Structure formats: C-alpha cells, structure tokens
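Results of the structural survey
This is what each chain is made of:
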Amino acid sequence: MTRVLMVSSEATPFAKTGGLADVTGALPAALEKLGDEVAVVMPRYRQIPWDETESAWDNMVVYAGATAYRVDIRTLVHKGVRFYFVEAPYFFDRDGLYNARNVDYWDNHKRFAVLSLAALGVAQTVFPCDILHSHDWQAALTPVYRADQQHANPLFDGVKTLLTIHNLGYQGRFHQSQFPDLGLNAGWFTPDKLEYYGDVNFLKGGIATSDWVTTVSPTYAKEIQTPEGGFGLDGALRARGDALTGILNGVDYEEWCPSTDKHIAANYSAADLAGKRACKKALLEEFHLPADNLDRPVIGIVSRFAQQKGFDLIAGIASFIEENDVQLVVLGSGDWRFEKIFHDWQRWQPKKVGVWFGYNNGLAHRIEAGADLFLMPSQYEPCGLNQIYSLRYGTVPVVRATGGLDDTIQEDTGFKFSSYTVGSLYDALRTALGAYQNRDSWTERMRRGMAKDYSWDASARAYSSLYERLLGRG
Ligand code: ADP
Ligand code: GLC
C-alpha cells in the first residue's frame, strides 16, 4: 500500500478545461481499488462550493522566500477519494482557471507556486505520503520546493516525487523578472534547472528535479525526446531518459458508456445497436440539421480549438464537405480563428454543418453517441481521450497517427494517416467514407472498437508498480 498525494490544477467533477481533469478525477479511485491510499490537492476555484467542503487545516502559512501566504485547507471525499482544496481567494476566487477572455492571469506563476507549496504543507500536516505525484506545469514546482525547502526535513525522508506530463505544449514559462517571486535561490535559475532561454520554466524545473517523469502514452514518451516533438525541452527530457516512461491513460467507463449514459437519447450496446440510430436522429435535430436520411454519415468533432488538434488541416477540407453527402457536427471553443472557420461553414452549408461553441459535457456525450465518425487529426496528441470514448460508442475514429492516437487506434478499429497534410486527411476521410458504404463490415468495425478495453485498471496498475519501484519495493 502506497500513500500518494497528487497535485493538480484540475480534476473532474470540480474543475476541468481538458483531459487532465478526467485523469486526476479517475486515476485516484482506480489506485484506491488496488489498495493504494490517494488524496488530491487542488485549488478551490470559485465554482467549487465552499460550503460543501469542511476544514482540514486553518491558517496554514507557506513561504515563497520572504513572502508568506496564508491559506486554509478545505476537504471533502468524492467517490471514496479525499480532495484537499487550497483556499486562497486572492488567487483562486476568479472566473477562470488560468485566464480571463483568453488572457493569462498575470500572477499565474505565484498562483501555482502556492499550489505546490500548499501541497507540501498538506503532506506535512494532514496527509503524510510516500509519493508526491504532480501533474503538468501547474504542479511542477512541487518537487522543486521539496528539494529546496524540505531537503533537511525528516518528514520527507524517503518521499519520492513523480511528475506526469499531459501536454508539453504548456510549460509554465514566465519572464525572468518573475523568478524572485518564487522565493528560490539563484542556484535554481540555471539551464539545467528552471532557466530556459532567459525565462523561468516551471515544467523544466519539474523534469530536472522529479525522481521520475511519466507522460500519458508510450509513443508520446518517445516523441517528446525528439526535436520535432520536444517543444524545446527534448534535451532536458533526453537527459532524464532513463527515468522517463509512458503510461497510457485509461477512461472512465462509468461516465462514458452508451449502455448506461444518461445524457443520450437512447442507450445501446454492441449487441443491440438500435439505440445508436435514435441518438443520431436526436443529434441532428439538436443541431437543426435535416434528419431525413439516417444512412448519411455524420462526422463529429469535440475539441478544444487549439492548433494542437489539427484545425488547420480541418480548415482545408471544405471541399470534402461540399463534394460528399455527409454532415458535420462540431462542439468546441478556444482560438477564434478556428471558431470563425466553423461559423463560416455553418452559414455556407446550413444543411450539412452544425456547430455549438462553448463547453457542454452533455452534448459531448451526444456527439460521441450520435455520430458515425469521429475526427481527430491532431498535430500532436499526448494521449487523447475522445478517440477512446468514440471507440466505446461505436463511432469510428479518423485520426493522425501521433502519440496516444497512434497507440489506441488500430487499422481494424479506425482510420489513421501519418503525414500532417490536408491531402492525407482528405485521403483518410475518403477511405473511411468508402468503408462506410459496406454496412456489414462497418458494423463489425464498430463492434471491434466497442470491445476494446481502456479502463483505468491497467493504467492504475502501471502507476502503482512504478510507485513501488520508486520506493525501492518493486
Ligand atoms: P485535451 O485534454 O488535449 O483537450 P483530451 O482528448 O485528452 O484532450 O480530453 C478532452 C476532454 O475534454 C474530453 O473529456 C472531452 O470530452 C472534453 N471536451 C473538450 N472540449 C469540450 C467541449 N467543448 N465541451 C465538452 N467537453 C469537451
Ligand atoms: C492533455 C493532452 C491529451 C491528454 C490529456 C490527459 O490535455 O492534450 O492528449 O489525453 O492531457 O492526459
């Protein structure tokens, strides 16, 4: 049994901007099932009701150098997992998690430094642990502060640190003038630690300092050690090459399963697919698209509108939509350039293209259920969850063979292409539409995808044995 304290800026159901929250919302419970004891530290953002939490520790004072921050630690248990919320209204009582109207908060470096400091406070007071497991740049200073402030603290003797990278595209990079705010001595501001081309880089500090680094798929673990996939940190990652592995994410089938899903028009399973047709009809109606011919293929997209997700390729396939008898439903938000593309398409092809801008969990489920194909031509993808949900919903993924997309989609369950070009995406879609015409083999393909099992159990086992190994027990 290992006691693990996870540190994260997001976790479902409390705060989510992407897949990180799905992981930190589900992995702890899966580890608990295996016998580990896991708690999660995260900020108490505005949308997390204070009065549903109770006090775990009042008036904790943490120090970034000479600056003292007073925080309270609030707590609750969700689905058997204990959450500790860092109550610091001056940092977290805001509308957004990281930004307002797409502009990052100016004090993010302090906000997330304090998250890590408070996590170390939790480890010293209410949740002594064997492993400090931090996620992404927002929690990447945890091993740094542990090495800096706590190296002589017997309470941390033998405690091991693990950093999981969910997306190397986000590193927590700040101007060097902000370094003093972290309260670390100048020895940390060197190219083998936090310094990066004159800036401060949180993730780099975490990579250099953690006992082990993981990322969220085996293929991505290799890609990030190359100049093409390393976002400038490939050297730092190669330097940790013998302590860097990929553990594929699982998905939460309690949330994402067509036979029990409460968000969709009709439940269905591999044995009885009738409900999927009802879901397709309801989806088209929800998007005010003609539902006159349910044999016409519907392509779904659910995504953050970010460069990473391949929208510049999607922008290039307007003629595919025009030339083929297909319908496209899109849910997402983010970069206005990509919003504009879909906005234009919707006006141009109102019978073929339906768009919903914003965040809508129920609709994400209904697209997974109602579409025939799911499009995810990412430029890079550390793991990706939507394509795994799609498999379970019998919605055949069309993906670029990168990172976790390459690891989770095979030729017999989806359609993959390699080179990041509009032409390759076009070809993959054409092949998929051709295959769709043969209903029997298509249904077999759906069923093969539905039978795939990416539940958390296998991933949790991999994390659990890694913890054991780090502690010298494995
Ligand atoms: P990433 O974390 O890079 O955004 P993932 O595929 O790992 O990509 O996870 C995305 C998660 O966010 C999925 O659970 C997906 O359903 C959800 N999601 C993304 N955009 C939206 C949206 N606009 N509305 C609802 N859910 C969304
Ligand atoms: C990131 C990645 C995504 C991954 C998720 C959860 O947001 O972009 O690929 O699935 O984290 O690990």
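Throughout what follows, the structure given in this document is the object of discussion.

Conventions adopted
- Residues numbered from 1 in each chain as written.
- Chains lettered and ligands numbered in written order.
- Predicted model: local features only at pLDDT ≥ 70, side-chain atom pairs only at ≥ 80, totals over all residues.
- Heavy atoms only, no water.
- Near = heavy atom within 4 Å.
- Polar contact = N/O pair within 3.5 Å; in protein donor to acceptor, adjacent residues only side chain to side chain.
- Areas by Shrake-Rupley, 256 points an atom, 1.4 Å probe, with all protein chains shown as cover.
- Helix = DSSP H or I, 4+ residues; strand = E, 2+ residues; numbered from the N terminus.
- Buried < 20%, exposed > 50% of the residue type's maximum accessible area, 1.4 Å probe, protein only.
- Pairing = 2+ DSSP bridges.
- Right-handed = clockwise from strand over helix to strand, strands pointing away.
- Phe/Tyr/Trp six-rings, centres within 6.5 Å; stacked < 30°, edge-to-face > 60°.
- Lys NZ or Arg CZ within 6 Å of the ring centre and 35° of its normal.
- Salt bridge = Lys/Arg side-chain N within 4 Å of Asp/Glu carboxyl O.

In the vicinity of ligand 1 lie 23 residues, with Gly-19, Asp-22, Arg-304, Lys-309 and Gly-358 positioned nearest. At 2.8 Å, a backbone N or O of Leu-385 approaches an oxygen atom of ligand 1. When isolated, ligand 1 has an accessible area of 560 Å², and the protein chains bury 93% of it. Put simply, the parts of the chain that give the shell around ligand 1 at least two residues each are α1 (19-33), β15 (298-305), β16 (327-334), α12 (361-370) and α13 (386-392).

What follows covers the pairing of strand β18 (residues 373-376). In the case of a regular strand, side chains alternate between the two sheet surfaces. With burial as the criterion, each face of β18 is covered, one bearing Leu-373 and Leu-375 and the other bearing Phe-374 and Met-376. Bridging between β15 and β18 involves two bridges; their strand directions are parallel. Looking across to β18, one finds that Ile-299 is bridged to Leu-373. In terms of handedness, the path from β18 via α13 over to strand β19 (residues 396-400) forms a crossover that is right-handed.

On to the packing of aromatic side chains, then. Within this structure, the stated rule accounts for 31 aromatic pairs. Note on Trp-256 and Tyr-393: the rings are 6.4 Å apart at their centroids and 80° apart in plane angle, and the pair reads as edge-to-face. Here the residue Trp-256 occupies a position in the loop between β14 (244-246) and α8 (274-286), and Tyr-393 occupies one in the loop between α13 and β19, the gap between them amounting to 137 residues. Neither Trp-256 nor Tyr-393 differs from the other in exposure class; each is buried. Taking NZ or CZ as reference, Arg-392 lies 3.7 Å from the ring centre of Tyr-253, over its face.

Attention now goes to the pattern of salt bridges. Across all of its chains, the model carries 26 salt bridges by this definition. In this structure, the salt-bridge partner of Glu-285 is Lys-281, at a minimum N-O distance of 3.0 Å. With Glu-285 and Lys-281 both in helix α8, this residue pair falls four residues apart, about one helical turn. Assessed through its relative accessible area of 41%, Glu-285 is described here as partly exposed. We classify Lys-281 as partly exposed; its relative accessible area is 37%. Linked by salt bridges that have partners in common, Arg-46, Asp-93 and Asp-95 make up one network.

Bear in mind that shape data such as this cannot, by itself, settle questions of function.
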